[in-house]
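Commentary on secondary and tertiary structure
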Amino acid sequence: NGVSVASWCRLATAEHDAHPWPSIGSYSAAVLRMPRDKGAFELALHAVCSVLPPHAPVWVVGANDEGIKSAPRLMSTVLHAVDTMDTRKHCRVSRGATPMAGTPIRGALSDWASVVNLAIGTEQTAHTVFPGVFAKGRLDPATALLLACIEPPKGGSAVLDYACGAGVIGGWLLRRDPTLTLTQLDADAIAAEAASINVKEAHTIVGASLHAVPAGIQYDCIVSNPPIHVGTSRDY
């Protein structure tokens with residue numbers, strides 16, 4: 001039927017790569033799966049609006065237990081003519097239209113950056129974060145526990161911070177021993193962007209698993225506070 005589709009995925013999986021922002025193109029509509037995090041949803045709305053022409057339809061889909069009932073209210077802060085189109089099997093579809101040209105849109109990832117001060121023991125350190133990044137810019141209790149207990153790697157060690165988020169763990173280790181060679185890996189392309197800003201000395205990779213690490217590379221130490229949820233379900 002002549003329709004072409006381009007995908008923007010913030011989270012990498014075994015089936016597809018991830019990117020922090022949708023690519024520029026000649027798009028006429030967008031379909032958005034509602035993220036659970038309110039800030040991530042707002043970012044995603046502005047992101048798709050930034051690559052669409054005025055009055056283009058934006059469809060949002062999600063389940064009731066993912067917060068889709070609140071979607072029209074949040075959509076109305078960015079879109080106009082918002083309406084719920086269908087409801088069935090505990091899911092909803094809402095539709096809105098992109099705003100008129102000239103309406104303020106935060107159309108670049110850098111527009112969403114904020115800086116938070118983390119207290120790690122007696123240390124205060126500034127971190128750049130984005131909406132939807134794990135722990136929402138706070139020091140996660142499990143991360144704090146890990147940092148209080150971890151034995152520092154030997155000088156010169158190759159360290160992998162797996163599921164690195166904004167780079168808290170690896171950055172903390174590197175500040176204590178700059179001789180470490182640090183690699184950061186996360187499935188969230190936006191979290192990886194934050195980690196690359198916060199820990200500029202590290203090599204940062206976007207990938208869904210350890211398979212994203214180039215073949216043949218070995219590490220002396222792997223540190224991680226991995227997420228334990230996929231959507232609303234726990235997955236260890």
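Below you will find a few notes about this structure. Each chain has its residues counted from 1, following the order in which its sequence is written. Thresholds applied to this predicted model are a pLDDT of at least 70 for local features of residues and 80 or more for the giving and counting of side-chain atom pairs; totals over whole chains, interfaces and linings are not thresholded and use all residues. Hydrogen atoms and water are omitted, and side-chain values are computed over all heavy atoms in the structure.

1. A word on the environment of histidine 16
Convention followed: Put simply, DSSP marks the helices as runs of H or I at least four residues long and the strands as runs of E at least two long, and each gets a number from the N terminus on. Here, two residues are considered to be in contact whenever any of their heavy atoms come within 4.5 Å of each other.
With respect to the helices and strands, histidine 16 occurs in the segment before β1 (30-33). For histidine 16 and alanine 208, which are 192 residues apart along the polypeptide, the C-alpha to C-alpha distance reads 9.0 Å. Residues in contact with histidine 16, not counting those within four places in the same chain, are Cys9 and Leu11.

2. A few points about the sheet that holds strand β7 (residues 158-162)
Stated precisely, the cut-off is as follows: Two strands qualify as a pair provided DSSP detects at least 2 bridges between them. With axes taken as lines fitted to C-alpha atoms, and helix axes fitted only over the stretch in contact, angles between N-to-C directions fall between 0 and 180 degrees.
Taken together, four strands build an open sheet; the order of strands is β9-β8-β7-β10 and the sheet is parallel. In this open sheet, the two edge strands, each paired with only one partner strand, are β9 (203-206) and β10 (221-224). Ignoring which end each strand starts from, the neighbouring axes of this sheet average 20 degrees apart. As paired strands, β7 and strand β8 (residues 181-186) are joined by five bridges and run parallel to one another. From the neighbouring strand, valine 159 faces β8, where its bridge partner is leucine 182. Running over the sheet, helix α5 (residues 189-198) touches β8 and β9 and is turned about 175 degrees from β9.

3. Brief notes about the packing of aromatic side chains
Centre distance and the angle of the planes are the two values used to describe a pair of aromatic rings. To keep it simple, the criterion reads: Stacked, tilted and edge-to-face are the three classes assigned to paired rings of Phe, Tyr and Trp, where Trp is represented by its six-membered ring and a pair needs centres within 6.5 Å; plane angles under 30 degrees give stacked, over 60 edge-to-face, the rest tilted. Whether a charge sits over a ring depends on NZ of Lys or CZ of Arg being within 6 Å of the ring centre and within 35 degrees of the ring normal.
The final tally for this structure, using the stated rule, is zero aromatic pairs. The ring of tryptophan 59 carries arginine 95 above its face, with NZ or CZ at 5.6 Å from the centroid. The ring of tryptophan 112 carries arginine 106 above its face, with NZ or CZ at 3.6 Å from the centroid.

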